[in-house]
Amino acid sequence: MAQIVAGFGVPHTPIFPHLVKRDGPDCETARLFRAQKEQLAATRPDLIVMFDTDHLNTFFLNDLPVFAIGIDKSFKAPNDEPRDVPSYTVPSLPALASHIRAVAIGAGYDVGMTQNFSVDHSITVPLHFLTPDMQIPVIPFFVSGHVPPLPKAQRCHDLGKAVAGAIESWPEPLRVVIMGSGSFSLEVGGPRMASDRSDGVPDPDWAMRVIASLEEQKIDRLIAEATQHQLLKAGNVGGELLNWIAMLGAIGDRKPTYIAPQMQNGHAYGVWRWN
Amino acid sequence: MSVFAVNYLCREVLRDHAFRAAMKADPGKALAPLDLTDEERRALLAGDVGTLYRMGANGFLMNYLARFEVCGLNTAIYNQRMRAVKVDEIGQPVM
């Protein structure tokens, strides 16, 4: 049977590939992603299921699901031109993606779908750093985290559990890594940007609180505190925390291997390995 | 819903290279066929992103106008005009 072997929380800042190309392999971002890449390789994954918030590139305001899964043999990445990122074709597993959707709907989660799709930097940038040869299949699971009303944190955590159940009922002996993509506090292009950047970190105290809750394994506290008001207070993309919360629901109650913050970006790099 | 038209054209500046070029060359002509109110059109042509935000345009999408330097915007000017918008603690405009 398929088994979940690790969880990763990953940033997806679109300028990172350019900055790493410019600043070289010893810069902080390169080191942080390289550490995660090594951890990922050590898990020997057959599949990545990534919880992600599309930035109105795969979907748009006329067609915006709360939850959706990508079901296709492969998908193109990226569709929003992050600098110094090649065009990739990412393999996927449509039969398992369909199974996950069917099980989730049967469990009461109204999961839409997309086929013949492409994805933006929020999926592509982590893969660019962690699995650049794009040999590991990826199933994207989209969670609406930018345009309110947002799904509740508890619902996303429970959805993660349902997705885990679907994976663990799949008969192929696949080693599956679950990822959650995004930031804890970030404002992109909105009024709460910093004065000298295109983004900003409106609520650094919240980002630190999230990191503490992750490190202390206080996920119930994290869920209780991740109200819509708090997520929006954290920035116009603060709802991306819901992707990490869904990932945590899927992997269960595990001690993190490490959480490495990058507070100037309001995010962190997290790894949970046990198998 | 013409605020939709504002949001949509912002994303088209990213996705449609011909539209992006048209917006750089002659924004008035590029915007002419779109379903925009007079105030939206004026605000876009003036790069008045603060007004557009208060009308309900999406900040993440409007950032493409700055990124691709259309409507007289660049990242510095965009930043200054957006930061001038008074908002509450969840980023909603306040009067």
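The shown structure was predicted, so the numbers you read here are calculated from the model rather than taken from an experiment.

About the thresholds
- Residues numbered from 1 in each chain as written.
- Chains lettered and ligands numbered in written order.
- Predicted model: local features only at pLDDT ≥ 70, side-chain atom pairs only at ≥ 80, totals over all residues.
- Helix = DSSP H or I, 4+ residues; strand = E, 2+ residues; numbered from the N terminus.
- Rg over C-alpha atoms; globule rule 2.2 N^0.38 Å.
- Buried ≥ 20, exposed ≤ 12 C-beta atoms within 10 Å, placed from the backbone.
- Expected span 1.5 Å × (residues − 1).
- Arc of directions from axis to C-beta.
- Contact = placed C-beta atoms within 7 Å.
- Pairing = 2+ DSSP bridges.
- Nonpolar A, V, L, I, M, F, W, Y, C, P; charged D, E, K, R; others polar.
- pLDDT = per-residue confidence, 0-100.
- Axes fitted to C-alpha atoms, helices over the stretch in contact; angles between N-to-C directions.
- Left-handed = near helix turned anticlockwise from the far one by under 90°.
- Core = buried A, V, L, I, M, F, W, Y, C linked by C-beta atoms within 7 Å.

Okay, the overall build of chain A next. Helix and strand content of chain A: 9 helices and 12 strands. Over its C-alpha atoms chain A spans a radius of gyration of 17 Å, differing by no more than 12% from the 19 Å that the globule rule assigns to 275 residues. By principal-axis analysis of the C-alpha atoms, chain A measures approximately 50 × 40 × 40 Å. Looking at the 275 residues of chain A, the share that counts as buried comes to 55%.

This part is about helix α2 (residues 28–42) of chain A. Residues and elements named next belong to chain A. Taking 1.5 Å as the rise per residue, α2 with 15 residues should run 21 Å; its terminal C-alpha atoms sit 21 Å apart, in good agreement. Every buried residue of α2 is accounted for by Phe33, Gln36 and Leu40. Within α2, the buried residues cover an arc of 60° as seen down the axis, which keeps them to one side. Among the exposed residues of α2, those pointing more than 90 degrees away from its buried face are Glu38, Ala41 and Ala42. Where α2 is buried, its residues touch β1 (3–10), α4 (121–130), β8 (175–181) and β12 (267–273). Downstream of α2 by a residue or two, Arg44 has a phi angle that is positive, lying close to 50°.

Now for the pairing of β8 of chain A. Residues and elements named next belong to chain A. Among the 7 residues in β8, 6 count as buried, and that is most of the element. By the bridge criterion, 7 bridges tie β1 to β8 in an arrangement that is parallel. Note on β8: the bridge partner recorded for Gln3 is Arg175. Pairing of strand β2 (residues 47–52) with β8, which is carried by 5 bridges, proceeds in the parallel orientation. Directly across from Met50, in β8, lies its bridge partner Met179.

With that out of the way, let us pick up the interface of chain B and chain A. At the junction of the two partners, chain B supplies 19 residues and chain A supplies 20 residues. Mapped by element, the contributors of at least two residues to the side of chain B that touches chain A are α1 (2–15), α6 (59–67) and α7 (75–83) of chain B. Element by element, the count of residues in the side of chain B that touches chain A is highest for α6 of chain B, at 5 residues. Counted by class, the side of chain B that touches chain A contains 10 nonpolar, 6 polar and 3 charged residues.

All names here are of chain B. When pLDDT is averaged along chain B, the result is 96, and 98% of the positions lie at 70 or above. Ranking the elements of chain B by mean pLDDT puts α1 last, at 95, and helix α2 (residues 17–25) first, at 98. For this predicted complex, the interface score ipTM comes out at 0.95, alongside a pTM of 0.98.

Here the focus is the packing of α6 of chain B against α7 of chain B. All names here are of chain B. Relative orientation of the contacting elements α6 and α7 amounts to 145°, with a least axis distance of 9 Å. In the packing of α6 onto α7, the handedness of the crossing is right-handed. The segment α6 lies against α7, with Gly59, Asn63, Leu65 and Ala66 engaging Thr75, Tyr78 and Met82. For the contact of α6 with α7, a count of residues per class yields 4 nonpolar, 3 polar and no charged.

Along the chain, the position of Pro94 of chain A falls in helix α3 (residues 94–106). The residues contacting Pro94 of chain A, other than those within four sequence positions of it, are Ile71, Asp72 and Lys73 of chain A.

Turning to the nonpolar core, a few remarks are in order. Judged by nonpolar contacts, the single largest core of 112 residues is most densely connected at Ile100, Ile139, Val163 and Ile245 of chain A together with Leu65 of chain B. When residues of this core are assigned to their parent elements, the largest contribution, 9 residues, is made by helix α9 (residues 241–251) of chain A. With residues near it in sequence (within four places) discarded, Ile245 of chain A still touches Ala153, Cys156, His157, Ile223 and Ala226 of chain A.

A few words on the sheet that holds strand β3 (residues 67–70) of chain A. Residue and element names in this part refer to chain A. In spatial order, the strands read β6-β3-β7-β2-β8-β1-β12-β11; together these 8 strands make up an open sheet with mixed pairing. For this open sheet the edge positions go to β6 (112–114) and β11 (258–262), each flanked by a neighbour on one side alone. Geometrically, the sheet is characterised by an average inter-axis angle of 20° between neighbouring strands, direction not taken into account. In terms of strand pairing, β3 meets β6 through 3 bridges, oriented parallel. Pairing of Ile69 across the sheet is with Met113, part of β6. Against the sheet, helix α6 (residues 204–215) engages β11 and β12, with an angle of about 170° to β11.

For the peptide bond that leads from Ala77 of chain A to Pro78 of chain A, omega is -5°, which places it in the cis range. Positionally, Pro78 of chain A belongs in the loop between β4 (74–77) and β5 (88–91). The omega torsion across Pro148 of chain A and Pro149 of chain A is 0°, close enough to zero to call that bond cis. With respect to the helices and strands, Pro149 of chain A occurs in the loop between β7 (138–143) and α5 (153–168). A positive phi angle is found at Arg44 of chain A, which is not glycine, with a value near 50°. Take Arg44 of chain A: it is sitting in the loop between α2 and β2. Note on Arg44 of chain A: 12 C-beta atoms within 10 Å, which makes it exposed. In this structure, Glu69 of chain B takes a positive phi of about 55° despite not being glycine. Looking at where Glu69 of chain B falls in the secondary structure, it is placed in the loop between α6 and α7.

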